[in-house]
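If you want the building blocks of each chain, they are given just below.
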Amino acid sequence: MPVFCQLCWSAIVDADGRIYIRNWQGGILSGGFEKNPKPIFTEGKNQLEIQNLREDWDHFEPLLSSLLRRMPVLETLEILKLVNCPETFTPDMKCIMGESPVVQGYFVLAGMNSAGLSLGGGAGKFLAEWMVYGYPTENVWELDLQRFGALQSSRTFLRHRVMEVMPLMYDLKVPRWDFQTGRQLRTSPLYDRLDAQGARWMEKHGFERPKYFVPPNKDLLALEQSKTFYKPDWFDIVESEVKCCKEAVCVIDMSSFTKFEITSTGDQALESLQYLFSNDLDVPVGHIVHTGMLNECGGYENDCSIARLNKRSFFMISPTDQQVHCWAWLNKYMPKDSNLLLEDVTWKYTALNLIGPRAVDVLSELSYAPMTPDHFPTLFCKEMSVGYANGIRVMSMTHTGEPGFMLYIPIEYALHVYNEVMSVGQKYGIRNAGYYALRSLRIEKFFAFWGQDLNTLTTPLECGGESRVKLEKGIDFIGRDALLQQKQNGVYKRLAMFILDDHDTDLDLWPWWGEPIYRNGKYAGKTTSSAYSYTLERHVCLGYVHNFSEDNGEEQVVTADFINRGEYEIDIAGHRFQAKAKLYPVTSFFTHKRRKDDVELSDFHGK
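Where an unreviewed UniProt entry is consulted, the protein chain appears under the name Pyruvate dehydrogenase phosphatase regulatory subunit, mitochondrial isoform X2, with the organism given as Mesocricetus auratus. Quoted verbatim from the Sequence similarities (unreviewed entry) field of the UniProt record, the comment on the protein chain reads "Belongs to the GcvT family."

Q: Any details on the pairing of strand β2 (residues 19–24)? Residues and values, ideally.
A: Of the strand pairs in this sheet, strand β1 (residues 12–14) and β2 are connected by three bridges, and their pairing is antiparallel. The residue of β2 that forms the bridge with Asp14 is Ile19. Inspection of the sheet shows β2 paired to strand β3 (residues 27–32) by six bridges, in the antiparallel sense. Each residue of the ladder has a partner; that of Ile19, found in β3, is Gly32. What sits between β2 and β3 in their antiparallel hairpin is a turn of two residues, with Gln25 showing a positive phi close to 50 degrees.

Q: An account of the sheet that holds β3 is needed here, citing residue identities and associated values.
A: Within the open sheet, the three strands sit side by side as β1-β2-β3. Their pairing is antiparallel. The strands lining the two open edges of the sheet, one partner per strand, are β1 and β3. Strand-to-strand twist in this sheet, taken as the mean axis angle between neighbours without regard to direction, amounts to 20 degrees.

Q: Quick rundown of the packing of helix α7 (residues 235–247) against helix α12 (residues 435–444)? Include the residues and the values.
A: Packing of α7 against α12 leaves a shortest axis separation of 9 Å and a crossing angle of 60 degrees. Viewed along their axes, α7 and α12 adopt a mutual orientation that is oblique. Along this stretch, α7 crosses α12, giving a crossing that reads as right-handed. When α7 is examined against α12, the residues Val238, Glu241, Val242, Cys245 and Lys246 are found in contact with a partner set consisting of Tyr436, Ala437, Ser440, Leu441 and Glu444.

Q: Go over the UniProt feature "domain: FAD dependent oxidoreductase central" (unreviewed entry) in the protein chain, please, and point to the residues and values.
A: Per the UniProt record, "domain: FAD dependent oxidoreductase central" (unreviewed entry) is annotated on residues 134–188. The distance from the first to the last C-alpha atom of residues 134–188 is 36 Å, and the span holds 25% helix and 0% strand.

Q: So what's going on with the packing of helix α10 (residues 359–367) against helix α11 (residues 414–425)? Residues and values would help.
A: It is the contact of α10 with α11, at a shortest axis distance of 9 Å, that shows an interaxial angle of 120 degrees. Crossing angle aside, the handedness with which α10 passes α11 is right-handed. Here α10 contributes Val362, Glu365 and Leu366 to the contact with α11, which in turn contributes Glu420, Val421, Val424 and Gly425. Across the contact of α10 with α11, the residue classes break down as four nonpolar, one polar and two charged.

Q: Go over the pattern of salt bridges with me, naming the residues and quoting the values.
A: In the structure shown here, the tally under the stated rule is 27 salt bridges. A salt bridge links Asp14 to Arg70, with the shortest nitrogen-to-oxygen separation between them at 3.2 Å. Placement of the pair is Asp14 in strand β1 and Arg70 in helix α2 (residues 57–70), with a sequence separation of 56 residues. Of the residues examined, Asp14 reaches a relative accessible area of 9% and is grouped as buried. A salt bridge links Lys211 to Asp178; its shortest N-O distance comes to 3.5 Å. Linking Lys211 in strand β7 (residues 207–213) with Asp178 in the loop between α4 (155–168) and α5 (191–196), this pair joins segments that are 33 residues apart in sequence. Accessibility expressed as a relative area gives 10% for Lys211, which makes it buried. Overall, the relative accessible area of 18% leaves Asp178 in the buried class. If you follow the salt bridges from partner to partner, you end up with Lys246, Glu402, Glu444 and Lys445 in one network.

Q: Can you tell me about the sheet that holds strand β9 (residues 258–264), naming the residues and giving the values?
A: Paired through their backbone hydrogen bonds, the strands of a sheet run either parallel or antiparallel. Judged by pairing direction, the sheet is antiparallel, and its five strands sit side by side in the order β10-β11-β12-β9-β13 without closing on themselves. Each edge of the open sheet carries a strand with a single partner, namely β10 (288–294) and β13 (340–344). Taking the axes of each pair of neighbouring strands and ignoring which way they run, one obtains an average angle of 25 degrees across the sheet. In the sheet, β10 pairs with strand β11 (residues 300–310) via seven bridges, with the strands oriented antiparallel. Residue pairing in the sheet places His290 in a bridge with Ser305 of β11. Across the sheet, helix α8 (residues 268–276) lies against β9, β10, β11, β12 (313–318) and β13, angled at about 130 degrees from β9, the strand it touches most.

Q: How would you sum up the side chain of His539? Please name residues and give values.
A: Inspection of the secondary structure assignment puts His539 in strand β22 (residues 538–548). In this structure, His539 is in contact with Phe498, Ile499, Leu500, His503, Thr505, Trp510, Pro511, Ala531 and Tyr532, ignoring residues within four places of it in sequence.

Calculation notes
- Residues numbered from 1 in each chain as written.
- Predicted model: local features only at pLDDT ≥ 70, side-chain atom pairs only at ≥ 80, totals over all residues.
- Heavy atoms only, no water.
- UniProt positions renumbered as here; feature names shortened; annotations may be inferred.
- Pairing = 2+ DSSP bridges.
- Helix = DSSP H or I, 4+ residues; strand = E, 2+ residues; numbered from the N terminus.
- Axes fitted to C-alpha atoms, helices over the stretch in contact; angles between N-to-C directions.
- Parallel < 35°, antiparallel > 145°, perpendicular 65-115°, else oblique.
- Left-handed = near helix turned anticlockwise from the far one by under 90°.
- Contact = heavy atoms within 4.5 Å.
- Nonpolar A, V, L, I, M, F, W, Y, C, P; charged D, E, K, R; others polar.
- Salt bridge = Lys/Arg side-chain N within 4 Å of Asp/Glu carboxyl O.
- Buried < 20%, exposed > 50% of the residue type's maximum accessible area, 1.4 Å probe, protein only.

In structure tokens:
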């Protein structure tokens, strides 16, 4: 025992043994996160009754064995006490903070996942700012209470999920891993059909979404068990899906997107939305507007697309995990008017994304209507018949920059329309695709996504979204004053696109997101999202560049010239790779040679 008293450590963590060890009152304190936790619920019990549960040595035995294996000398010492008490865990291993979506002014800070001491200072600071100023000074969306909905409050869901969450506390989590419990909670009407065709699934806000589709000749078990920070086993599968999107036509089930309808008896809908959104929504019927929903500081509370269905009705499409947050924000700021109706119609529509140059041919055959740009311009919405089904909302956009259409289909018609699309599309080389292909396509086209590249602290002027703001039209909207001030003073960060030069896709660790960005050898920011571009045959990262003063570290104005004149590197696990920074999408291709070192840029310029 005296040996331990003389040691001075803050804590030892043995991740493989799932234990931690620390000094405690002249001895040591050790605990851990077992693989077989026991969930406990407290309904009908006083909190004092569960503060200290009965000792359970059988349950603690695996952790005790790890402790003795790590520090064998402890076998000769006496264990004074086994403490057995409950701890709170959340469905995604992150704490819960923020304002309730249903009770304004009611704030929550809970579910610390056994990290209350380490998180307490920062969490308390951000919650206090939230309560006093209306927003925290850092982006805390990953902790926001509104990332969850009623669907995550099922007692059975929570029981199963927290039993999975706790063992993960000390597990190594590879990129794009998914929880295994609480699955198949929300599914598209096409789920079984897609699953039978090899769909592999990811989960977003409880909704199953296809990642990619495994061909019949692939080893499915090996693919499912593949976990790596390097080149993943699905690389070739996604490559074939991307190629099909560019040369033929693919179908992606995107039913998980949040969908709202805003209608009124008069002009109330338009007037409310003009104040709530940064872009001008007073457009002709049938037009689609990409716009931000900003806060008072000009930051993105949401980034969405809105179609004007008629003079008094609008159809709004938002990211999947915006369902609760967007609903709460709209309810908070829309006037309480019985003539103004907000309806969540996410469950009413199945969404199919037809991507590729032959999408127009498929849809022309099924609708018996001309779908060329002359008859159906970009960012246009029209209700049409597809096959036998009426009332299909067809939109000329794909969220990728590639040609194609989004089909919003009443759910009772979903299977029929999908079957018709796949049947007619056979002659055009149609196939299913997943969100990994979508991610690759959108990042190489420099499409920023909310929750990854955009958040409550980034503004349209910082991410190249100036064209989606009605600053010059004299129309008031939330965040306008902040943007006018920022336009006058300049921005202190700027979203840029980085193409890695000397990165070997086969041998080097991949960028996933969060990698440091260096400009002229000095830290300048971090990446927000990344993907391999099968078109450019390079990794592409998006990220914000800052201009930190060399004298005091304070942020300074970032201009386009500042971005263009820098030499950049992306740090991936301690190794820096050279990168070219661009403020606009790349319109030329890389010339490919057999050896990576001989690859040269051919007419590399911005649009």
